[in-house]
Amino acid sequence: MTSDTPILHLLCGKVAAGKSTLAGTLAADGALLVAQDPWMARLYPTELRTIDDYLRLSARLRHAMTPHLVALLRAGLSLVLDWPANTVASRRWMREIADAAGATARLHWLDVPDRQCLTRLDARNAGGAHEFTVSHGEFAELARLFEPPGAEEGLPIVRHAPG
């Protein structure tokens, strides 16, 4: 891979770990930001009510966006994919996008303790600026689905931890 090879930045971390904040920082360095939450909020304003709804509808959005993401990378654009790369399956899908486009995938893991995520979540919910409000119960449900990344997945991992 040359320095001209586009990079697909992937973001892994629990709810309110700081994925979108990091995504904005990475995009400011010249990559195109593609964020899931605004798409979900606009496409499914009344349908997205439960975690099961999220899983079903985000799969639909992934299917629709895959060819577009591959095309953007093939056009030479680096992307920051602000979608949760929180399971082995989601990271596999993202890596397949990079591979199909001849791009490099780089996983950014925000390894933040649950207590800190919940504090951030409360502030985010109170601020009202985010597309979605997530309860502590929903946080716990999503945290149970979280699978920490491992070297066996073959992705370069940049670990971001507090302190």
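Remember, predicted model here, so these are calculated numbers, not experimental data. (Residues numbered from 1 in each chain as written. Predicted model: local features only at pLDDT ≥ 70, side-chain atom pairs only at ≥ 80, totals over all residues. Heavy atoms only, no water.)

Visitor: I would appreciate a short explanation of the overall build of the chain in the present structure.
Guide: If you tally the helices and strands in the chain, you get 6 helices and 5 strands. For the chain, the N- to C-terminal ordering of α and β elements is β-α-β-α-α-β-α-β-α-α-β. Computed over C-alpha atoms, the radius of gyration of the chain comes to 15 Å, within 12% of the 15 Å expected from 2.2 N^0.38 for 163 residues, which places it in the range of a compact globule. For the chain, the C-alpha atoms occupy an extent of roughly 45 × 40 × 30 Å along the three principal directions. At a minimum sequence separation of 6, the contacts of the chain that also span at least 24 residues come to 75%. Total accessible area on the chain is roughly 8600 Å²; 55% of this is exposed by carbon and sulfur atoms. (Helix = DSSP H or I, 4+ residues; strand = E, 2+ residues; numbered from the N terminus. Rg over C-alpha atoms; globule rule 2.2 N^0.38 Å. Contact = heavy atoms within 4.5 Å. Areas by Shrake-Rupley, 256 points an atom, 1.4 Å probe, with all protein chains shown as cover.)

Visitor: What exactly am I supposed to notice about helix α5 (residues 114-127) here?
Guide: Working note: α-helix, 3.6 residues per turn, so residues spaced by three or four point in the same direction. With 14 residues, α5 should reach 20 Å at 1.5 Å per residue; the first-to-last C-alpha distance of 20 Å fits that figure. Immediately downstream of α5, the backbone of glycine 128 shows phi near 75 degrees, a positive value. (Expected span 1.5 Å × (residues − 1).)

Visitor: So what exactly am I meant to see when it comes to the pairing of strand β4 (residues 104-110) here?
Guide: Along any regular strand, the residues point their side chains to alternate faces of the sheet. With 5 of 7 residues buried, β4 is to be regarded as a mostly interior element. Note that strand β1 (residues 7-12) and β4 share 6 bridges and pair parallel. Among the inter-strand pairings, leucine 10 is bridged to a residue of β4, identified as leucine 107. (Buried < 20%, exposed > 50% of the residue type's maximum accessible area, 1.4 Å probe, protein only. Pairing = 2+ DSSP bridges.)

Visitor: What is the right way to look at the sheet that holds strand β2 (residues 32-35) in this model?
Guide: In any sheet, the strands associate via hydrogen bonds between backbone groups, in a parallel or an antiparallel arrangement. The strand order across the open sheet built from 5 strands is β2-β3-β1-β4-β5, with neighbouring strands paired in parallel fashion. Where the open sheet ends on each side, the last strands, each with one partner, are β2 and β5 (157-160). Neighbouring strand axes in the sheet, compared pairwise and without regard to direction, differ in orientation by 20 degrees on average. Bridge count for β1 against strand β3 (residues 79-84) is 4 bridges, and the pairing is parallel. Bridged to leucine 8 within β3 is leucine 79. Of the strands in this sheet, β2 and β3 are in contact with helix α2 (residues 36-43), which crosses β2 at around 45 degrees. Of the strands in this sheet, β1, β2 and β3 touch helix α3 (residues 51-74), which is tilted by about 170 degrees from β3. (Axes fitted to C-alpha atoms, helices over the stretch in contact; angles between N-to-C directions.)

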